[in-house]
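A look at the structure
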Amino acid sequence: MSANIIDRYNRLKTDGMVLKDQGGYDLSRGELNPEIFEEFSGLVLECSSPSIWEPFAGHTGRSRTQDFASSIPGLELVSFDIEPCDERVIKADSTKDGPGKLVGGVFFHPPYYGSSKMSNNEGELSYLEDEVKYKEALSKAVEMAKMSVEPGGVVCAIGRDYRNAGSRIRMDLWMAEMFGSLLGLFVLAGSLAILGPLV
């Protein structure tokens, strides 16, 4: 990983806005702090295309991001998942398919490496036990995200520092490295969520 990416990431952690953790979600089920999406939506509403692509909507039940987006006039949310439980989420593999148009923002929160199996679909990222294969599959979704965001749009990539099978996994740094300087927004989500520009 380049020193430049780590420097930008460390600046962000120092200068970024810390979001409140209101609870009400379960990280072990792949759920995220809803405050992150709410803050990100406000930024996307300032883009020329007030639309968000969510490549990994999750399949643990009703989509909370769809619930929130539907309450905001003028905001469009296109959610994908490989095995959706919510009829508002499109069944699609985000390592192969994008939203089919440019969007103002991409809300990127994939299944974490080493997480419990999220579905029975053979394209499910959580099935990949080899770290190299997981990163290769994830990088395909990252490239799709980069191609989908409009000039001046923003990306919200969520990753945290965690442990899996006794090893430290730096999902936060993987995201910073994969998106690199193209990130208009980087979010670290764990016990804290940090929003801020990567410049």
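In this report, the structure presented in the accompanying data block is examined. Remember, it's a predicted structure, so these values are computed and weren't measured experimentally.

Reading the values: the criteria
- Residues numbered from 1 in each chain as written.
- Predicted model: local features only at pLDDT ≥ 70, side-chain atom pairs only at ≥ 80, totals over all residues.
- Heavy atoms only, no water.
- Phe/Tyr/Trp six-rings, centres within 6.5 Å; stacked < 30°, edge-to-face > 60°.
- Helix = DSSP H or I, 4+ residues; strand = E, 2+ residues; numbered from the N terminus.
- Buried < 20%, exposed > 50% of the residue type's maximum accessible area, 1.4 Å probe, protein only.
- Pairing = 2+ DSSP bridges.
- Contact = heavy atoms within 4.5 Å.
- Core = buried A, V, L, I, M, F, W, Y, C linked by side-chain atoms within 4.5 Å.

1. Details of the packing of aromatic side chains
In this structure the tally under the stated criterion is six aromatic pairs. Taking the centre distance of 5.5 Å and the plane angle of 80° together, the rings of Trp 53 and Phe 80 count as edge-to-face. With Trp 53 in strand S2 (residues 51–54) and Phe 80 in strand S3 (residues 76–81), the pair connects residues that are 27 residues apart, well separated along the chain. Taken as a pair, Trp 53 and Phe 80 share a single burial class, namely buried.

2. Examining unusual backbone geometry
Residues other than glycine seldom take positive phi values, yet Ala 165 does so here, at roughly 50°. With respect to the helices, strands and loops of the structure, Ala 165 is situated in the loop between strand S7 (161–164) and strand S8 (167–170).

3. A look at the pairing of S3
Where burial is concerned, most of S3 is hidden: five out of the six residues are buried. As paired strands, S2 and S3 are joined by four bridges and run parallel to one another. The residue bridging Ser 51 from the neighbouring strand is Glu 76, located in S3. Sheet analysis places S3 next to strand S4 (residues 90–91), joined by two bridges and oriented parallel. Across the sheet, the residue bridging to Asp 81 is Lys 91, located in S4.

4. Focus: the side chain of Ser 41
With respect to the element layout, Ser 41 can be found in helix H2 (residues 34–44). Not counting chain neighbours up to four residues away, the residues in contact with Ser 41 comprise Ile 52, Phe 68 and Leu 75.

5. Re the environment of Ile 158
With respect to the helices, strands and loops of the structure, Ile 158 is situated in strand S6 (residues 149–159). Sequence spacing of Ile 158 and Ala 176 is 18 residues, and the spatial spacing of their C-alpha atoms is 9.6 Å.

6. Some remarks on the nonpolar core
Core analysis: the largest hydrophobic core is formed by 40 residues, its most contacted members being Ile 52, Trp 53, Val 106, Phe 107, Phe 108, Met 171 and Phe 179. For this core, the secondary structure elements donating two or more residues are H2, S2, S3, strand S5 (103–108), helix H4 (131–148), S6 and helix H5 (171–179). No other element matches H4, which puts seven residues into this core. The contact partners of Val 106, leaving out residues within four places of it in the chain, are Phe 40, Trp 53, Pro 55, Ala 145, Val 149, Val 154, Val 155 and Cys 156.

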